[in-house]
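Structural characterization, general
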Amino acid sequence: MGGQLNAYTSREQTVYHAHVLKKDVPKAVEILADILQNSTFKEEDIERERGVILREMVDVESQVDEVIFDHLHSIAFQGNSLGYTILGPEKNIKSIKRDDLIKYVKTHYTAPRMVLAAAGAVDHNEYVPL
């Protein structure tokens, strides 16, 4: 299709996004829906991502501004999940299991907790039924 698909996580949200031509919007919505509803959580993919996250933790810890920002949040939001780092504690990253991920997604990645938004050359009346 020639589009782009990506995702990122912040303290408050996980975002999956696609940039496609107008004619490819239905296919992009289908792909995003498939990712959210039918992820397989293969063990080898989980292990690969675990390594990626652990390397990201080392990178973040070497950036003074990121460390200060994490400390600021931990103080400002004591007792609240907004005080946690985005990547989480290293012990969690090392110990999380496939079943933990599946349970988390089934609990938190549900329709009432999601927003599907579009911008650009998108016809609202064609988009809503998607």
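These notes cover the structure that comes with them. (Residues numbered from 1 in each chain as written. Predicted model: local features only at pLDDT ≥ 70, side-chain atom pairs only at ≥ 80, totals over all residues. Heavy atoms only, no water.)

Next up on the list: the pattern of salt bridges. Tallied over the full model, the rule gives six salt bridges. Residue Lys-23 is joined to Asp-24 by a salt bridge in which the shortest nitrogen-to-oxygen separation is 3.3 Å. Note on Lys-23: relative accessible area 64%, which makes it exposed. As a salt-bridge pair, Glu-90 and Lys-94 come within 2.8 Å of each other at their nearest N and O atoms. Within this pair, Glu-90 and its partner Lys-94 are both found in helix α4 (residues 90–95), separated by four residues, close to a single helical turn. Using a relative accessible area of 40% as the deciding quantity, one classes Glu-90 as partly exposed. (Salt bridge = Lys/Arg side-chain N within 4 Å of Asp/Glu carboxyl O. Buried < 20%, exposed > 50% of the residue type's maximum accessible area, 1.4 Å probe, protein only. Helix = DSSP H or I, 4+ residues; strand = E, 2+ residues; numbered from the N terminus.)

With that settled, the discussion passes to the packing of aromatic side chains. Counted under the stated rule, the structure contains two aromatic pairs. Between the aromatic rings of Tyr-16 and Tyr-109, the centroid separation amounts to 6.5 Å while the plane-to-plane angle is 75°, which identifies the pairing as edge-to-face. Of this pair, Tyr-16 sits in strand β2 (residues 14–19) while Tyr-109 sits in the loop between α5 (98–108) and α6 (124–127), placing them 93 residues apart in sequence. For Tyr-109, a relative accessible area of 24% corresponds to the partly exposed category. The structure contains a cluster of three or more aromatic residues connected by ring pairs, namely Tyr-16, Tyr-104 and Tyr-109. (Phe/Tyr/Trp six-rings, centres within 6.5 Å; stacked < 30°, edge-to-face > 60°.)

A contiguous patch of negative charge, built from Glu-43, Glu-44, Asp-99 and Asp-100, is present on the exposed surface. Note on placement: Glu-44 falls in helix α2 (residues 43–61). Exposure remark for Glu-44: the relative accessible area of 51% places this residue in the exposed category. (Patch = residues over 30% accessible without salt bridge, like charges linked within 9 Å, V, L, I, M, F, W, Y side chains within 5 Å. Areas by Shrake-Rupley, 256 points an atom, 1.4 Å probe, with all protein chains shown as cover. Lys, Arg positive; Asp, Glu negative; His and termini not counted. Charge placed at Lys NZ, Arg CZ, Asp CG, Glu CD.)

For helix α1 (residues 25–38), spanning 14 residues, the distance from its first C-alpha to its last is 19 Å, which sits close to the expected 20 Å at 1.5 Å a residue. Listing the buried residues of α1 in full gives Val-25, Ala-28, Val-29 and Leu-32. For α1, the angular spread of buried residues about the axis comes to 100°, placing them on one side. (Expected span 1.5 Å × (residues − 1). Arc of directions from axis to C-beta.)

Let's shift gears to unusual backbone geometry. Within the chain, Phe-41 stands out as a residue other than glycine whose phi angle is a positive 55°. Topologically, Phe-41 is positioned in the loop between α1 and α2.

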